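# Chain and residue survey
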Amino acid sequence: MLISYDGRYFTNLLHALNPLAFDCVWAYKLMPVLGVLFFITSLYFLLSTIFVDEKKFYLIGYALFFTVVHFALAPSLPHDLYWMVSSFVYLWPWSFTFLWVAFYLRYINAVNNYSVFGWFVCCIISLVCCVGMNEMFLVTNALMLAFI
């Protein structure tokens, strides 16, 4: 199956949207910034979903702290941050994991029918994107689904 199937379908889609393919070098230079901001905001979104009554200032601090811890523990900082191809595989799945878990928690706690549908759709889209980023995250996603 692995000879004819590539489980990184969403990563391949993001690679197709590579700024260098469109001769946009300045946008390629912004990709590490975009990856870090995506990581911080998705982690903040998850923390604000779990800790509803906590002050936003503390949640931003926690998100920044865990971002620094993530990069400090990364086995290869260039792969995790600077090389866009590797960043999509090693950094971005964490962001999509944070997003789908937060969307799911908001979905199960929603009371309005419109918000229930909206959180459910966002959860499914981010889960499909997360599964299509890196096959190693199948274990992480399966454990999170089993735990939830």
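Please refer to the structure placed before this passage.
Scope of this entry: the structure provided in the associated data block. (Residues numbered from 1 in each chain as written. Predicted model: local features only at pLDDT ≥ 70, side-chain atom pairs only at ≥ 80, totals over all residues. Heavy atoms only, no water.)

### Focus on the overall build of the protein chain
Heads up, the condition is: Each helix is a run of DSSP H or I of at least 4 residues and each strand a run of E of at least 2, with the numbering of both proceeding from the N terminus. Radius of gyration means the value over C-alpha atoms here, while the globule rule gives 2.2 Å times the residue count to the 0.38 power. Under the scheme applied here, a residue whose accessible area is under 20% of the maximum for its type counts as buried, over 50% as exposed, and between as partly exposed, the area being computed with a 1.4 Å probe on protein chains only. Contacts are assigned to residue pairs that have any heavy atoms within 4.5 Å of one another. Throughout, the Shrake-Rupley method with a 1.4 Å probe supplies accessible areas, and for residues the shown protein chains are the sole cover considered. Charge convention: Lys and Arg are scored as positive, Asp and Glu as negative, and His as well as the terminal groups of each chain are ignored. Here the site of a charge means atom NZ of a Lys, CZ of an Arg, CG of an Asp or CD of a Glu.
Counting secondary structure elements, the protein chain contains nine helices and zero strands. Starting at the N terminus, the α and β elements of the protein chain follow one another as α-α-α-α-α-α-α-α-α. A compact globule built from 148 residues would reach a C-alpha radius of gyration of about 15 Å, and the protein chain, at 16 Å, matches this within 12%. Its C-alpha atoms give the protein chain principal-axis dimensions of roughly 45 × 40 × 30 Å. Put simply, the protein chain has 148 residues, and 39% of those count as buried. Considering only intrachain contacts with a sequence separation of at least 6, the fraction spanning at least 24 residues in the protein chain is 68%. Surface exposure of the protein chain reaches about 9300 Å², of which carbon and sulfur atoms provide 74%. Taken together, the 5 basic and 6 acidic charged side chains of the protein chain have centroids lying 10 Å from each other.

### Quick notes on helix α1 (residues 9–16)
Test applied: Working note: the arc is built from the helix axis to C-beta atom directions.
When we look at burial in α1, the residues that qualify are Phe10, Thr11 and Leu14. Each buried residue of α1 lies within a common arc of 105° when the element is viewed along its axis, so the set occupies one face. Contact partners of the buried residues in α1: α6 (84–90), α7 (92–109) and α8 (113–131).

### So, the packing of aromatic side chains
Put simply, the rule reads: Any Phe, Tyr or Trp ring, taking Trp's six-membered ring, that has another such ring centre within 6.5 Å forms a pair; planes under 30 degrees apart are called stacked, those over 60 apart edge-to-face, and the others tilted.
Counted according to the given criterion, the structure contains 15 aromatic pairs. Measuring from centroid to centroid gives 6.1 Å for Tyr104 and Tyr107, while their planes differ by 45°, and the two rings are tilted. One end of the pair, Tyr104, and the other, Tyr107, are both in helix α7, three residues apart, so they sit about a helical turn from each other. Residue class for Tyr104 comes out partly exposed when judged on its relative accessible area of 25%. For Tyr107, a relative accessible area of 26% corresponds to the partly exposed category. Grouping aromatic residues by their ring pairs yields a cluster made of Phe10, Phe38, Phe88, Trp92 and Phe96.

### Some points on the environment of Thr41
This is how the line gets drawn: Under this definition, polar contacts are N or O atom pairs within 3.5 Å; protein pairs additionally need one hydrogen-donor-capable and one acceptor-capable atom, and for neighbouring residues in sequence, both atoms have to be side-chain atoms.
Of note, Thr41 is situated in helix α3 (residues 31–50). Note on Thr41: relative accessible area 46%, which makes it partly exposed. Along the backbone, Thr41 and Ala63 are 22 residues apart, and their C-alpha atoms lie at a distance of 7.8 Å. Looking at Thr41, its side chain comes within polar contact range of the main-chain oxygen of Leu37, at 2.8 Å. Of the polar contacts made by the side chain of Thr41, one reaches the backbone oxygen of Phe38; its length is 3.2 Å.

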